[in-house]
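As a plain string of letters, each chain reads:
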Amino acid sequence: MAKKIVAGNWKMNKNLQEGIELAQGLNEALAADKPNCDVIICTPFIHLAKVSEIINHDVINLGAENCADKASGAYTGEVSAEMVKSTGAEYVILGHSERREYYNETPEILKEKVDLALANGLKILFCIGESLEQREANEQNAVVKAELEGSVFHLSAEQFANIVIAYEPIWAIGTGKTATAEQAEEIHAYIRSVVAEKYGAEVAANTSILYGGSCKASNAPELFAKPDIDGGLIGGASLKVADFKGIIDAWK
Ligand code: PGA
């Protein structure tokens, strides 16, 4: 069975003090009321080391939002997978549509990042998803399949066990427009079938496939009730303890 997961993606929000406060608040809320799923918070690089000290890693896992496509050396401003791991982080988000679009991250670059993250013992939240134009042209299945083939399908089955897939339709991210639970389930089932074709039914059944895009406490129960939706990757609604906890509680 695939692990049930609720992951937060803070994006470029919260200064250090605000981030510490948020992590502390979440840690307290989940200590008082144990979650029924794995919880991950992905923070900006500057928060990682401090947040790692604050949280109970048995309850909350920590992740970065990105890492470099080079191992080390003269790459001013970059942060390597090894550096991320050394903060106590367990995960890294790769392939987010904002990084693909605004920072020109190609499938080849993402493949390098995937390999470096795994080589340094990080698990990966790997994001895929189509644009509105692609959805309107009914290309969503081809798009997500190509994104998997381009950056993670070179992995062995053993390596692939460290990949969590996040399906995030670009037209639903931060727009308030959520995919319907039926729309999401349809493509999640397709994604699982593509993983099964590549790695077999058992690996596919064990792969967590998260939905992301305007997921909130009000729509999470309906989404998470679908058989191929194993949780969510949450942007805006991960920035307040009550909102994020509301989504985590959808697994109760
Ligand atoms: P959102 O972002 O929940 O604010 O739509 C999701 C994401 O981009 O991971």
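These numbers come from a predicted model, not from an experiment. (Residues numbered from 1 in each chain as written. Predicted model: local features only at pLDDT ≥ 70, side-chain atom pairs only at ≥ 80, totals over all residues. Heavy atoms only, no water.)

Let us look at the overall build of the protein. Along its length, the protein carries 12 helices and 8 strands. Relative to the compact-globule value of 18 Å for 252 residues, the protein shows a C-alpha radius of gyration of 17 Å, a close match. Considered along the principal axes of its C-alpha atoms, the protein spans approximately 45 × 45 × 35 Å. In the protein, buried positions account for 52% of the 252 residues. A sequence separation of at least 24 residues applies to 72% of the contacts in the protein between residues at least 6 apart. On the protein, roughly 11100 Å² of surface is accessible, and the fraction owed to carbon and sulfur atoms is 50%. In the protein, the 23 positive side-chain charges and the 36 negative ones have mean positions that sit 3 Å from each other. (Helix = DSSP H or I, 4+ residues; strand = E, 2+ residues; numbered from the N terminus. Rg over C-alpha atoms; globule rule 2.2 N^0.38 Å. Buried < 20%, exposed > 50% of the residue type's maximum accessible area, 1.4 Å probe, protein only. Contact = heavy atoms within 4.5 Å. Areas by Shrake-Rupley, 256 points an atom, 1.4 Å probe, with all protein chains shown as cover. Lys, Arg positive; Asp, Glu negative; His and termini not counted. Charge placed at Lys NZ, Arg CZ, Asp CG, Glu CD.)

Empty space within the largest pocket amounts to approximately 410 Å³. As for the largest pocket, its lining consists of 14 residues, of which Lys11, Met12, Glu65, Arg99 and Tyr103 are closest to the centre. Per-element tally for the lining of the largest pocket: the top contributor is helix α4 (residues 97-102), with 3 residues. Each residue belonging to the lining of the largest pocket can be placed in one class, and the counts come to 6 nonpolar, 4 polar and 4 charged. (1 Å grid on protein atoms, 1.4 Å probe; cavity = no way out; pocket = protein on both sides within 12 Å on 5 of 7 lines; lining within 4 Å. Points joined across faces, edges and corners; volume = space filled by probe spheres on them. Nonpolar A, V, L, I, M, F, W, Y, C, P; charged D, E, K, R; others polar.)

Bringing the nonpolar core into the picture now. Counting residues in hydrophobic clusters, the biggest one holds 66 residues, and the most contacted among them are Ile41, Phe126 and Phe224. If you tally residues by element for this core, the top one is helix α9 (residues 181-199), at 7 residues. Apart from the residues lying within four places of it in its own chain, the contact partners of isoleucine 41 are Gly8, Trp10, Ala23, Leu26, Val51, Ile55, Ile60, Asn61, Leu62, Gly63 and Phe244. Listed in part, the 12 residues of the second largest apolar core include Cys42, Tyr91, Ile93 and Ala166. (Core = buried A, V, L, I, M, F, W, Y, C linked by side-chain atoms within 4.5 Å.)

Our next topic: helix α5 (residues 107-119). Spanning 13 residues, α5 covers 18 Å between terminal C-alpha atoms, matching the ideal 18 Å at 1.5 Å per step. Those residues of α5 not exposed but buried are Leu110, Lys113, Val114, Leu116, Ala117 and Leu118. Buried residues belonging to α5 abut α3 (81-86), β4 (91-94), α4, β5 (123-128), α7 (140-151) and α8 (157-160). Positive backbone phi, at 80 degrees, marks glycine 121, one or two positions downstream of α5. (Expected span 1.5 Å × (residues − 1).)

Before going further, it helps to spend a moment on the sheet that holds strand β2 (residues 38-43). One closed barrel holds the 8 strands; their spatial order is β1-β2-β3-β4-β5-β6-β7-β8, and the pairing between them is parallel. Strand-to-strand twist of the sheet, defined as the mean angle between neighbouring strand axes without regard to direction, takes the value 25 degrees. Across 5 bridges, the pairing between β5 and strand β6 (residues 163-167) is parallel. Bridge pairing links isoleucine 124 to isoleucine 163 in β6. With respect to the sheet, α7 is in contact with β5 and β6, its orientation differing from that of β5 by roughly 145 degrees. (Pairing = 2+ DSSP bridges. Axes fitted to C-alpha atoms, helices over the stretch in contact; angles between N-to-C directions.)

Moving on, we get to helix α12 (residues 241-248). Among all positions in α12, only Phe244, Lys245, Ile247 and Ile248 are buried. Seen along its axis, α12 keeps its buried residues to an arc of 155 degrees; they face one direction. Here the buried face of α12 lies against β1 (5-9), α1 (16-32), β2, α11 (220-224) and β8 (231-234). (Arc of directions from axis to C-beta.)

Bringing the site of the ligand into the picture now. In the neighbourhood of the ligand, 13 residues make up the surrounding shell, with Lys11, His96, Glu168, Gly174 and Ser214 lying closest. Within the side chain of lysine 11, one N or O atom sits 2.7 Å away from an oxygen atom of the ligand. Contact between the ligand and glycine 236: an oxygen atom at 2.9 Å from a main-chain N or O atom of the residue. Split by residue class, the shell around the ligand holds 4 nonpolar, 7 polar and 2 charged. (Near = heavy atom within 4 Å. Polar contact = N/O pair within 3.5 Å; in protein donor to acceptor, adjacent residues only side chain to side chain.)

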